[in-house]
Each structure stands twice: as structure tokens, then as C-alpha cells.
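These are the residues of each chain, in order.
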Amino acid sequence: MSLPPPQITRVTASRVSCDGAHDGIPTALGHPRVYLQIDEHGYVDCGYCDRRFILVGGPADLPDGAAGTDIASGASR
């Protein structure tokens, strides 16, 4: 059994915030607001809700909508 892919949100700024509110989930039922920085890989994942923020035009912004290769947290780069 495989896990579903993370929800992907394409953004135009490398600094984003996430509070878990999306797809009918109000802010009050989300998670604490966190600020995230997209790195040289072109994406960042929220540690609370696993939403993936992809920088438009960055290395992870693939034209076919594919998720690309994951970089494990804490992995050597």
C-alpha cells in the first residue's frame, strides 16, 4: 500500500507560510502557522500537514505536474 502524494501548492515567492487551512479545512482546524523557506531544490514540505510548496520556475516545477525526486530531511546535499 502506498501513501497518496502530498498536496502541492505552486507559489511565486521562496518564503511561504502554512497554517493547514485548505480544501474546506478552516484555519481554526488547521495547525499553528509556520514560515518555510524554499531551498535550492525548488520546494519545501510543511512538517505539520505535508503540503508541498513548489517554486514556480524552480527545479522542482516540472511541466507534467510530476512530483520529482524527494530529498530526505537532514540528508547530505
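For the structure itself, look to the data block above.
A brief structural summary.

Definitions and limits used
Residues numbered from 1 in each chain as written. Predicted model: local features only at pLDDT ≥ 70, side-chain atom pairs only at ≥ 80, totals over all residues. Heavy atoms only, no water. Helix = DSSP H or I, 4+ residues; strand = E, 2+ residues; numbered from the N terminus. Buried < 20%, exposed > 50% of the residue type's maximum accessible area, 1.4 Å probe, protein only. Pairing = 2+ DSSP bridges. Axes fitted to C-alpha atoms, helices over the stretch in contact; angles between N-to-C directions.

## Observations concerning unusual backbone geometry
- The phi angle at aspartate 50 is positive, at roughly 65 degrees, despite the residue not being glycine.
- By the element assignment, aspartate 50 lies in the loop between strand S4 (43–45) and strand S5 (52–55).
- According to the relative accessible area criterion, aspartate 50 is partly exposed, its value standing at 49%.

## Concerning the sheet that holds S4
- On the basis of which strands lie adjacent, the open sheet formed by three strands has the order S1-S5-S4 and mixed pairing. The outermost strands of the open sheet, each flanked by one partner alone, are strand S1 (8–11) and S4. This sheet shows a mean twist of 20 degrees between the axes of neighbouring strands, independent of strand direction.

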